[in-house]
Amino acid sequence: MGNTLVNSQLNDVKEFLSKTITTLENFLNETTITKLIEGIEDDRTYTKLILANLRKLIVYSEEGLDACSIILQCEPFQKAAAEKTLYKIYHQCIEEFFSPKNDAWYEDSRSAYTGRNSIKFYRKVPASIARLLISLEGEFQRIREELEYYETDYRTKMIQTK
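None of the values given here were measured: they were computed from a predicted structure.

Participant: Break down the side chain of Glu96 for me, citing the residues and quoting the values.
Facilitator: Tracing the sequence through the fold places Glu96 in helix 4 (residues 79–98). Side chain to side chain, Glu96 and Lys101 meet in a polar contact 3.3 Å long. Ignoring anything within four residues of it in the chain, the contact list for Glu96 reads Asn53, Lys56, Leu57, Tyr60, His91 and Lys101.

Listed below in structure tokens is the structure:
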């Protein structure tokens, strides 16, 4: 891939991460577990698990945003560093959103064919959490499709250089 394309993708991902961080921070700063589970008969442990995963997603997104900012400031543009960063963002942010390691929720891959949201919860969740993830899902899907290239290409390059 050319420098211009990689640079453009890095800028796009930087903007995406910035918006994602703002959305998640606004939600978490205004939310308490007590407020979330009010009126629903759900266990507190599951809600805490979801919130923990959202916090982890913010941390990964902030790390990715910082890396994007640093690379975009460098002259000349460091294509290899940019590709490595996009690969890392794909795995730490995008994959963590769709399939969190702590199993807070899961992706129903069949939903893509039906036009429905693909994020599913194991138990009933507060409506505000469901709305939050639905609001983020479209952009995460778009970025995932843009960065899937790095899943195979970056790995192939690393294997070839060894």
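There is more to say, and it comes next.
Participant: For the packing of helix 1 (residues 3–29) against helix 3 (residues 44–73), give the residues involved together with the corresponding values.
Facilitator: In helix packing, the relevant descriptors are the interaxial angle and the interaxial distance, both defined with respect to the helix axes. Contact geometry for helix 1 and helix 3: axes closest at 9 Å, N-to-C directions at 145°. Judged by the twist between their axes, the crossing of helix 1 over helix 3 is left-handed. Across the contact of helix 1 with helix 3, the residue classes break down as 15 nonpolar, 7 polar and 4 charged.

Participant: Break down the packing of aromatic side chains for me, citing the residues and quoting the values.
Facilitator: Per the counting criterion, the structure on display carries 6 aromatic pairs. Ring plane angle 90° and centroid distance 5.1 Å describe the contact between Phe97 and Phe98, whose orientation is recorded as edge-to-face. The same class applies to Phe97 and to Phe98, which are both buried. Measuring from ring centre to ring centre gives 6.4 Å for Phe97 and Trp105, while their planes differ by 65°; the resulting arrangement is edge-to-face. The exposure classification of Phe97 matches that of Trp105, with both residues buried. Through a chain of ring-to-ring contacts, three or more aromatic side chains come together here, namely Phe16, Phe97, Phe98, Trp105, Phe121 and Phe140.

Participant: Run through the pattern of salt bridges, naming residues and quoting values.
Facilitator: Across all of its chains, the model carries 7 salt bridges by this definition. Arg144 is paired through a salt bridge with Glu107; the nearest N and O atoms lie 2.6 Å apart. One end of the pair, Arg144, is in helix 6 (residues 127–161); the other, Glu107, is in strand 1 (residues 105–107), with 37 residues separating them in the sequence. The partner of Arg142 in a salt bridge is Glu139, and the shortest N-O contact between them spans 2.8 Å. Placement of both Arg142 and Glu139 in helix 6 is noted, with a separation of 3 residues, approximately one turn of the helix. With relative accessibility at 28%, the residue Arg142 sits in the partly exposed group. Through salt bridges with shared partners, a single ionic network connects Asp12, Glu139, Arg142 and Glu146.

What counts and what doesn't
Residues numbered from 1 in each chain as written. Predicted model: local features only at pLDDT ≥ 70, side-chain atom pairs only at ≥ 80, totals over all residues. Heavy atoms only, no water. Helix = DSSP H or I, 4+ residues; strand = E, 2+ residues; numbered from the N terminus. Polar contact = N/O pair within 3.5 Å; in protein donor to acceptor, adjacent residues only side chain to side chain. Contact = heavy atoms within 4.5 Å. Axes fitted to C-alpha atoms, helices over the stretch in contact; angles between N-to-C directions. Left-handed = near helix turned anticlockwise from the far one by under 90°. Nonpolar A, V, L, I, M, F, W, Y, C, P; charged D, E, K, R; others polar. Phe/Tyr/Trp six-rings, centres within 6.5 Å; stacked < 30°, edge-to-face > 60°. Buried < 20%, exposed > 50% of the residue type's maximum accessible area, 1.4 Å probe, protein only. Salt bridge = Lys/Arg side-chain N within 4 Å of Asp/Glu carboxyl O.

Everything listed here is a matter of coordinates, which is why it stays silent on function.
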